[in-house]
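For reference, the chains in residue letters:
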Amino acid sequence: MVMRGERSWLVGLAFAGRGRGVVWLCGGLVGLVVWGGLGAGVASAQEPANPAVSPVMSPAGGGGVRAAAKKKSELTAAFLAKFNAGEDSGAEGAEALARKLVELDEFDFIARYNLAAVLARSGDAAKLKEAEGELKNAVERGFVEFDLMARDRNLASLRGTATFRALLTKWPEVQERVIDQRLQRMLETLPEKGKGYTTSKDAESRIAILSGLPERSLSGAIEEMRRVERYWETHILPEGQGALSADEKRPDPWVLVFLPTPKDYQRWAIEKLGTVQVGGIYDHDRKELVAQNLGPLLRHEYSHVLHWRHMMRTGFVQPLWVQEGLCSLAEDLGPGSQGNLSALTNWRSNMLRKLAKANRLPKWEELWGVKEAKFTENRGLANYAAARGIFLFLSEEGKLREWYSAYVRNNTPMQNDRDGQRAFEEVFGMPIRDVQQRWRLWAQTLPEAPEGGVNVRFGLSVGLEDAGDGLRVNAMPDGNALRAGIRVNDVILTIGGKAVRDMTEYARVISAYKRGDEVEVEYRRSQGQRGQVVGKAVLRVVELAE
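The rules behind these values
- Residue numbers run consecutively from 1 along every chain, following the written order of its sequence.
- In keeping with the model being predicted, local features are shown solely for residues with a pLDDT of at least 70 and side-chain atom pairs are shown and tallied solely at 80 or more, while totals for entire chains, interfaces and linings include all residues.
- Side-chain metrics rest on all non-hydrogen atoms present in the structure, leaving aside hydrogens and water.
- Secondary structure elements are taken from DSSP: a helix is a run of H or I of four residues or more, a strand is a run of E of two residues or more, and numbering for both begins at the N terminus.
- By the convention used here, residues are in contact when the closest approach between their heavy atoms is within 4.5 Å.
- Using the Shrake-Rupley algorithm and a 1.4 Å probe, accessible areas are obtained, with residue cover drawn only from the displayed protein chains.
- By definition here, a helix of n residues has an expected span of 1.5 Å times n minus one.
- Residue burial is assigned from relative accessible area. The probe radius is 1.4 Å, only protein chains are included, and a residue is buried under 20% of its type maximum, exposed over 50%, and partly exposed in between.
- The pairing test for Phe, Tyr and Trp rings, Trp by its six-membered ring, is centres within 6.5 Å, and the orientation test on the planes gives stacked under 30 degrees, edge-to-face over 60, and tilted for anything in between.
- Each ring is checked for a lysine NZ or an arginine CZ that lies within 6 Å of its centre and within 35 degrees of its normal; such an atom marks a charge sitting over the ring.
- At least two bridges found by DSSP between two strands is the condition for calling them paired.
- Basic side-chain nitrogens of Lys or Arg form a salt bridge, by our definition, when they fall within 4 Å of a carboxyl oxygen of Asp or Glu.
- We call a set of buried Ala, Val, Leu, Ile, Met, Phe, Trp, Tyr and Cys residues a nonpolar core when their side-chain atoms join them within 4.5 Å.
- The convention used is that axes are lines fitted to C-alpha atoms, helices contributing only their stretch in contact, and that angles between N-to-C directions extend from 0 to 180 degrees.
- What sets the label is the angle itself: under 35 degrees gives roughly parallel, over 145 gives roughly antiparallel, 65 to 115 gives roughly perpendicular, and the rest give oblique.
- Each residue is assigned to one class: nonpolar for Ala, Val, Leu, Ile, Met, Phe, Trp, Tyr, Cys and Pro, charged for Asp, Glu, Lys and Arg, and polar for all the others, Gly among them.
- Handedness rule for crossovers: strands pointing away from the viewer, path from the first strand over the helix to the second running clockwise, crossover right-handed.
- Positive charges come from Lys and Arg, negative ones from Asp and Glu, while His and the chain ends are left out of the count.
- A 3.5 Å cut-off defines polar contacts: any pair of N or O atoms within that distance qualifies, except that in protein one atom must be a possible hydrogen donor and the other a possible acceptor, and neighbouring residues in sequence count only when both atoms are side-chain atoms.
- In predicted models, pLDDT denotes the confidence assigned by the predictor to each residue on a 0 to 100 scale.

A. View of the overall build of the protein chain. Across its full length, the protein chain holds 19 helices and 15 strands. Counted over contacts in the protein chain with a minimum sequence separation of 6, partners at least 24 positions apart contribute 66%. Of the roughly 22,300 Å² that the protein chain leaves accessible, carbon and sulfur atoms contribute 49%.

Below, the structure written as structure tokens:
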């Protein structure tokens, strides 16, 4: 989760991750898996191959969460404490608290799974029968972590039942039915039952999409996710390992991707998170991704999808600094030296360089030791900048995939390299202190990246704001744009043929121009009941006022 400082851009611009104090809620912070009481989102380094996976923690939300969400958060925390202490019965034992969580939301499959886990480990015959029913209810409502279910020690007493065997043997069919039900259920929660929305399923990436965006923008979103997959497969994942499981009998669970209109996004954020200062979220437990825009936010959150899929296959849930560092790399991608995709410097790199020059870079051992709950609270922006910076450094040194492969290989039931120190020393062939010093010197030499509202001198002669899939014109300071055919509320989609889905992409694209240049823009215009049209216009680049 990243809180950004207040910024302005030409005529009151706002953009995800940069304006109005927007927060990025990312996988690993929301919907955390708790393995055998070993800590939220943290797999034991001593037993990553066969962890106890119950219970699973529901999202707790963030600041300003509504009363109902707060109650659920408090109950969940109390349940986890009781479960991990083995207090399953009694008025306020784990079982009683699990039942209360189920009562709060009949469709909460996580709560039902947790109740099944409590009942299954009780040893009572009647409760075992109830546990079997609750496990089936959990799956029918959306729980599809069959790998976790298969190795969850708390469900050991259910493994011989017909229900348990049927759920595992019919894995693909169950997943298909569950994702179709989830799409329909989410569609019905939208205003006017989702009028104007479309649903689609991409079997190649195992994503089901509910979109309020125009068809062209939806196609662009799918292509962006494919680009992220290619990046992970060619730069991060061990050689020969794909972004998707190759096991046809046990495919990766479907992920629901919700791409709402800006208005519906605000409504969703208030209802689910209690705040509109959230730009994107991937909830791993619920396999649900929601993105406010189709640029860096979507790429970051979809990286969490791919990372969690790999972590589930290996049985090793990596610490938050690794999750956020790796997934923030894909926020800004461009052509590398050999034409392949490469991670680019961005506003996080600018922050890293400033910290380096001020001798305020976090020490790696401090970053490794930050608890998940404190990652964003204690020097949160610096932690994110440092985490991304470590992996950008590995990338530019040509050692990113080598390090990640060694890191995964070094974390087995017989080995523990949770902080990655041994992997760093292996790939660089030097002590960790020397690797860190090399990184510190590198950070000081980073080039300044274009950064919306901060270090961009030039821009188009119109006021702009985020529109989810482009930039909406909200002001016309001079008559040039009007004469060119642009109107207020038009949404600019490309500049010079390059997509500008949010202000960070706009800053990068516009930085290639100078004052007085004329550039062709592509825009979308709503024509009410007649639909939408896409047109082109030529706008002048002007110098922005201080």
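B. Molecular detail of helix 7 (residues 171-189). With 19 residues, helix 7 should cover 27 Å at 1.5 Å per step; its first-to-last C-alpha distance of 27 Å lies within 8% of that length. Every buried residue of helix 7 is accounted for by Trp171, Val174, Gln175, Val178, Ile179, Arg182, Leu183, Met186 and Leu187.

C. Quick peek at the packing of aromatic side chains. Applying the stated criterion across every chain yields a total of 17 aromatic pairs. Centroid distance Phe391 to Trp403: 5.4 Å. Interplanar angle 70°. Geometry classified as edge-to-face. With Phe391 in helix 14 (residues 380-396) and Trp403 in helix 15 (residues 400-409), the pair connects residues that are twelve residues apart, well separated along the chain. Per residue, the accessibility class of Phe391 equals that of Trp403, and both read buried. With a centroid separation of 5.2 Å and 40° between ring planes, the pair formed by Trp403 and Phe424 is classed as tilted. One end of the pair, Trp403, is in helix 15; the other, Phe424, is in helix 16 (residues 421-428), with 21 residues separating them in the sequence. Like Trp403, the residue Phe424 is buried in the burial classification. Over the ring of Phe109 we find Arg286, and its NZ or CZ is 5.7 Å from the ring centre.

D. Region of interest: the environment of Gly398. Residue position: Gly398 is located in the loop between helix 14 and helix 15. A residue is classified by how much of its surface remains accessible, and Gly398, at 62% relative accessible area, is exposed. Remark: the alpha-carbon pair of Gly398 and His235, spanning 163 residues in sequence, is separated by 9.1 Å.

E. Quick peek at the pairing of strand 5 (residues 278-283). When you tally the buried positions in strand 5, you get six out of six residues, the bulk of the element. The sheet contact formed by strand 5 and strand 6 (residues 288-291) spans four bridges and is antiparallel. Considered in strand 6, the bridge of Ile281 is made with Val290. Counting the residues between successive antiparallel strands, the hairpin from strand 5 to strand 6 contains four residues, one of them, Lys287, with a positive phi of roughly 50°.

F. Examining the pattern of salt bridges more closely. Taken as a whole, this structure holds 33 salt bridges when the rule is applied. A salt bridge links Glu397 to Arg438, with the nearest nitrogen and oxygen atoms 2.7 Å apart. Taken as a pair, Glu397 in the loop between helix 14 and helix 15 and Arg438 in helix 17 (residues 432-444) lie far apart in primary sequence, 41 residues in all. With a relative accessible area of 29%, Glu397 lands in the partly exposed category. Judged by its relative accessible area of 33%, Arg438 falls in the partly exposed class. Taken together, the shared-partner salt bridges in this structure form one network comprising Glu224, Arg227, Arg299, Arg501 and Glu505.

G. Examining the nonpolar core more closely. The biggest cluster of nonpolar side chains holds 73 residues, and the ones touching the most others in it are Leu259 and Phe424. A per-element tally of this core places helix 14 first, with nine residues. In this structure, Phe424 is in contact with Trp321, Trp364, Trp368, Ile390, Leu394, Trp403, Asp419, Ile432 and Val435, ignoring residues within four places of it in sequence. Counting 35 residues, the second-largest nonpolar core is a separate cluster that includes Phe79, Ala111, Ala117 and Leu135.

H. Structural context of the packing of helix 8 (residues 215-236) against helix 15. At a minimum axis separation of 8 Å, helix 8 and helix 15 run at an interaxial angle of 80°. Taken together, the axes of helix 8 and helix 15 lie roughly perpendicular to each other. From helix 8, Tyr231, Glu233, Thr234, His235 and Ile236 reach across to helix 15, where they touch Leu400, Arg401 and Tyr404. Split by residue class, the contact of helix 8 with helix 15 holds four nonpolar, two polar and two charged.

I. Spatial organisation of unusual backbone geometry. Phi angles above zero are rare outside glycine, and Lys193 is one such case at about 55°. With respect to the element layout, Lys193 can be found in the loop between helix 7 and strand 2 (198-202). Not every positive phi belongs to a glycine, and Asn359 is a case in point at roughly 55°. In this fold, Asn359 is placed in the loop between helix 12 (347-357) and helix 13 (364-369).

J. Inspection of the pairing of strand 3 (residues 207-211) at higher detail. In terms of burial, strand 3 is largely enclosed, as five of its five residues are buried. Burial along strand 3 is two-sided: the face carrying Ile207, Ile209 and Ser211 and the face carrying Ala208 and Leu210 are both buried. Here strand 2 runs beside strand 3; their pairing, made up of five bridges, is antiparallel. Bridge pairing in strand 3 places Asp202 opposite Ile207. With antiparallel pairing between neighbouring strands as the criterion, strand 2 and strand 3 make up a hairpin whose turn holds four residues, including Arg206 at a positive phi of roughly 60°. Summarising the sheet, strand 3 and strand 4 (residues 255-259) pair through five bridges and their orientation is parallel. In the strand pairing of strand 4, Ala208 is matched with Leu256. What joins strand 3 to strand 4 is helix 8, and the crossover it makes is left-handed.

K. Geometry of the side chain of Glu324. With respect to the helices and strands, the residue Glu324 is situated in helix 11 (residues 320-329). Here Glu324 sits buried without a salt bridge, and the closest side chain of opposite charge, Arg348, lies 6.4 Å off (N-O distance). At a separation of 3.1 Å, a polar atom in the side chain of Glu324 contacts the side chain of His300.

L. Up close: the confidence of the model for the protein chain. Here the protein chain averages 82 in pLDDT, and 84% of its residues register 70 or above. Low confidence marks residues 1-65, where pLDDT is under 50. Its contacts with residues over four positions away, or in another chain, come to 240 contacts.

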